[in-house]
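Descriptive analysis of the structure
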Amino acid sequence: MKYYEITIETTSEASELVAEILTDAGSNGISIFDPNDLLELSDSGVIWDYMDEHLIQNDGKAQVKGYFAPSDLESSLEYIKSSFETLKQNCPFEYGSLSMSQSVVDDEDWVENWKQYYRPIEAGRVTVVPQWIEYQAKEGEYVVKIDPGMAFGTGEHESTKMCLMMLQALGVEGKSVIDVGTGSGILALASVKLGASEVEAYDIDDNAVKAAKDNAALNCIQDKMKVANANLLDKTSGKFDIVLANITADVLITLSQSLGEYMKEDGVVIISGIILKREEDVKTAFEKAGFKILDRMNMGEWVGFKLGK
């Protein structure tokens, strides 16, 4: 079914009022892009390692989008225009141009089009393959099939690639592995494929846990890895040969004091998810916690480390 996407140019102050008008006009969904929201998040102390700076160049403008069925479009537009006249007369703050544009979108596109951006990703001997793509493994290649769902982790991101590369360089066969903040489960899945004897994977997000479990089943290795909902390391008490944490700099800094407790005597920690400008912060935190830098990788704006005690 086709829908009409109606886009309204307004201000940050008036965006919620405009959204309410579109909702009352019968919109099947609302989206708001307001640079002020990103600025507030940036300044709030919420964990943000990386933000595209052009998104927060604020000129006071905001966009509100609504989605209308063709049969409702004419009456909806009449209601919107009438409501805007009332808004102009009574709004106590700037409301912007309230200019309106429209385009046609297909609801099937919303569901399916995102898949076109995924492709097999090679990282050494491991290739991550979206489950809807047919792929023939080459000799000596380990294929990890995934359906990311709503979880982070497709193999495309530099931080995931670096962890996969360091994992292979380290050697996994016969070793125990824990993946903290597993997302879609790629690192844990790859560990099983590479011959790990024991694999545990945890994430605080229910969608991630579901995705990781589904992906384990997709690869027919659900009986070879434990996946559970947990806040970081709260649900494990074991010690592991390899500890994986592809998260964010701030979370890694917090974990630096406790990760050592989950390492075997000659264990190794592999971390990534670190934007370049936070590299020294993370490095300093782990060195203060008694870790030694064994290896460093860099891809694009991201850094990864292999650490030991």
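Computed from a prediction, not measured in an experiment: that's the story for all the values here.

Conventions and cut-offs
Residues numbered from 1 in each chain as written. Predicted model: local features only at pLDDT ≥ 70, side-chain atom pairs only at ≥ 80, totals over all residues. Heavy atoms only, no water. Helix = DSSP H or I, 4+ residues; strand = E, 2+ residues; numbered from the N terminus. Buried < 20%, exposed > 50% of the residue type's maximum accessible area, 1.4 Å probe, protein only. Contact = heavy atoms within 4.5 Å. Areas by Shrake-Rupley, 256 points an atom, 1.4 Å probe, with all protein chains shown as cover. Phe/Tyr/Trp six-rings, centres within 6.5 Å; stacked < 30°, edge-to-face > 60°. Lys NZ or Arg CZ within 6 Å of the ring centre and 35° of its normal. Pairing = 2+ DSSP bridges. Axes fitted to C-alpha atoms, helices over the stretch in contact; angles between N-to-C directions. Right-handed = clockwise from strand over helix to strand, strands pointing away. Arc of directions from axis to C-beta. pLDDT = per-residue confidence, 0-100.

Looking now at the overall build of the chain. Counting secondary structure elements, the chain contains nine helices and 14 strands. For the chain, the proportion of its 309 residues judged to be buried stands at 45%. Partitioning the intrachain contacts of the chain with sequence separation of at least 6 by distance along the chain shows that 68% fall at a separation of at least 24. Total accessible area on the chain stands at roughly 15,900 Å², and carbon and sulfur atoms take up 48% of it.

Among the secondary structure elements, Thr 248 is positioned in the loop between strand E11 (240–246) and helix H8 (249–255). For the pair Thr 248 and Gly 181, spaced 67 residues apart in sequence, the C-alpha to C-alpha distance is 9.9 Å.

Attention now goes to the packing of aromatic side chains. Scanning the model with the defined rule gives one aromatic pair in all. Ring plane angle 65° and centroid distance 5.2 Å describe the contact between Phe 286 and Phe 291, whose orientation is recorded as edge-to-face. The burial state of Phe 286 is the same as that of Phe 291; both residues are buried. When the ring centre of Phe 291 is taken as reference, the NZ or CZ atom of Lys 309 above it lies at 4.3 Å.

Okay, the sheet that holds strand E7 (residues 142–146) next. On the basis of which strands lie adjacent, the open sheet formed by three strands has the order E5-E6-E7 and mixed pairing. The strands lining the two open edges of the sheet, one partner per strand, are strand E5 (121–123) and E7. Neighbour to neighbour, the strand axes of the sheet diverge by 20° on average, direction disregarded. Alignment of strand E6 (residues 126–130) against E7, held across five bridges, turns out to be parallel. Residue pairing across strands places Val 128 opposite Val 144, the latter belonging to E7. In the packing of helix H5 (residues 158–170) onto the sheet, the strands contacted are E5 and E6, and the crossing angle to E5 comes to about 40°.

Attention now moves to the side chain of Thr 182. Structurally, the position occupied by Thr 182 is in the loop between strand E8 (176–180) and helix H6 (186–193). Owing to a relative accessible area of 6%, Thr 182 belongs among the buried residues under this scheme.

For E8, the buried fraction is high: five of the five residues fall into the buried class. Burial along E8 is two-sided: Ser 176, Ile 178 and Val 180 facing one way and Val 177 and Asp 179 facing the other are all buried. The pairing of E8 with strand E9 (residues 198–203) spans five bridges and is classified as parallel. Each bridged residue has a counterpart across the sheet, and for Val 180 the counterpart in E9 is Tyr 202. With respect to chirality, the unit in which E8 leads through H6 into the neighbouring parallel E9 is right-handed. Sheet analysis places E8 next to E11, joined by four bridges and oriented parallel. Each residue of the ladder has a partner; that of Asp 179, found in E11, is Leu 244.

Attention shifts here to helix H9 (residues 279–288). What H9 keeps buried is the set Glu 279, Val 282, Ala 285 and Phe 286. Across the axial projection of H9, the buried residues extend over an arc of 140°, all falling on one side. Against the buried residues of H9 lie H8, strand E12 (263–275), strand E13 (292–299) and strand E14 (302–308). Where H9 ends, the next residue or the one after it, Gly 290, has phi of about 95°, a positive value.

Let us look at the confidence of the model for the chain. Scored by pLDDT, the chain comes out at a mean of 86, with 85% of its residues at no less than 70. In this model, residues 41–56 is a region of pLDDT below 50 whose contacts with residues beyond four sequence positions or in other chains number 23 contacts.

Before going further, it helps to spend a moment on the environment of Gly 124. You can see Gly 124 is positioned in the loop between E5 and E6. Once the C-alpha coordinates of Gly 124 and Leu 164 are considered, the two residues, 40 residues apart in sequence, prove to be 7.8 Å apart. Those residues in contact with Gly 124, other than ones at most four positions away along the chain, are Met 165 and Gln 168.

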